[in-house]
Amino acid sequence: LQSDDTGNRLRFQLELEFVQCLANPNYLNFLAKRGYFKDKAFVNYLKYLLYWKEPEYAKYLKYPQCLHMLELLQYEHFRKELVNAQCAKFIDEQQILHWQHYSRKRMRLQQALAEQQQQNNTSVK
């Protein structure tokens, strides 16, 4: 029974690490160039990994954009396009733009919240 727990823990860790690697467009390009996306067993494995979208598993992800990539990898057309380095470069650039926008938006929201709290503290006195 203890070896089952160890095996399950190891499988969980390996699948967690692999799913998060899918957030890297350059890694996806690497897999595409080596023909992994043409292998039916590998494509089935990607389908199996969709369980990571469930909240009880997704909470362990550090790079949630990997779930979007996992979803896109369910489509043959997307898998075929990843062979093209320009496709991977475009995805990489879009992710960077998204992060920059998200960071700026989050900073503005935090500033607004801090100002509101400061006003609330001032009006209470």
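Residues numbered from 1 in each chain as written. Predicted model: local features only at pLDDT ≥ 70, side-chain atom pairs only at ≥ 80, totals over all residues. Heavy atoms only, no water.

- If you check an unreviewed UniProt entry, the protein appears there as Mediator of RNA polymerase II transcription subunit 31 from Regulus satrapa.
- Annotation of the protein in UniProt includes, under Subunit (unreviewed entry), the sentence "Component of the Mediator complex." (UniProt positions renumbered as here; feature names shortened; annotations may be inferred.)

### Focus on the pattern of salt bridges
And step 1. Considering all chains together, one arrives at three salt bridges under this definition.
And step 2. Two residues, Lys53 and Glu71, come together in a salt bridge whose shortest N-O distance is 2.4 Å. Taken together, the residues span a long stretch of sequence, with Lys53 in the loop between helix 3 (40–48) and helix 4 (55–58) and Glu71 in helix 5 (residues 65–72) at a distance of 18 residues.
And step 3. Relative accessible area serves as the criterion here: at 40%, Lys53 is assigned to the partly exposed category.
And step 4. A residue is classified by how much of its surface remains accessible, and Glu71, at 26% relative accessible area, is partly exposed.
And step 5. Glu76 is paired through a salt bridge with Lys80; the nearest N and O atoms lie 3.4 Å apart. On the criterion of helical spacing, the pair formed by Glu76 and Lys80 is a turn pair, its members being four residues apart in helix 6 (residues 76–81). (Salt bridge = Lys/Arg side-chain N within 4 Å of Asp/Glu carboxyl O. Helix = DSSP H or I, 4+ residues; strand = E, 2+ residues; numbered from the N terminus. Buried < 20%, exposed > 50% of the residue type's maximum accessible area, 1.4 Å probe, protein only.)

### Things to note about the nonpolar core
Nonpolar side chains in soluble globular proteins tend to end up buried together.
And step 1. Counting 24 residues, the largest nonpolar core has Phe37, Leu46, Leu49, Trp52, Leu73 and Leu82 as its most contacted members.
And step 2. Those elements that place two or more of their residues in this core are helix 1 (2–21), helix 2 (25–33), helix 3, helix 5 and helix 7 (85–124).
And step 3. With four residues, helix 5 is the largest single contributor of residues to this core.
And step 4. With residues up to four places along the chain from it excluded, the contact list for Leu49 reads Glu15, Phe18, Val19 and Leu70. (Core = buried A, V, L, I, M, F, W, Y, C linked by side-chain atoms within 4.5 Å. Contact = heavy atoms within 4.5 Å.)

### Considerations on helix 3
And step 1. Listed in full, the buried residues belonging to helix 3 are Phe42, Val43 and Leu46. The arc that holds the buried residues of helix 3, viewed along the axis, is 100 degrees, so those residues lie on one side. In helix 3, the exposed positions angled more than 90 degrees off the buried face are occupied by Lys40, Ala41 and Lys47.
And step 2. Backbone nitrogen of Ala41 and a side-chain oxygen of the N-cap are separated by 3.0 Å at the start of helix 3; the cap is Asp39. (Arc of directions from axis to C-beta. Polar contact = N/O pair within 3.5 Å; in protein donor to acceptor, adjacent residues only side chain to side chain.)

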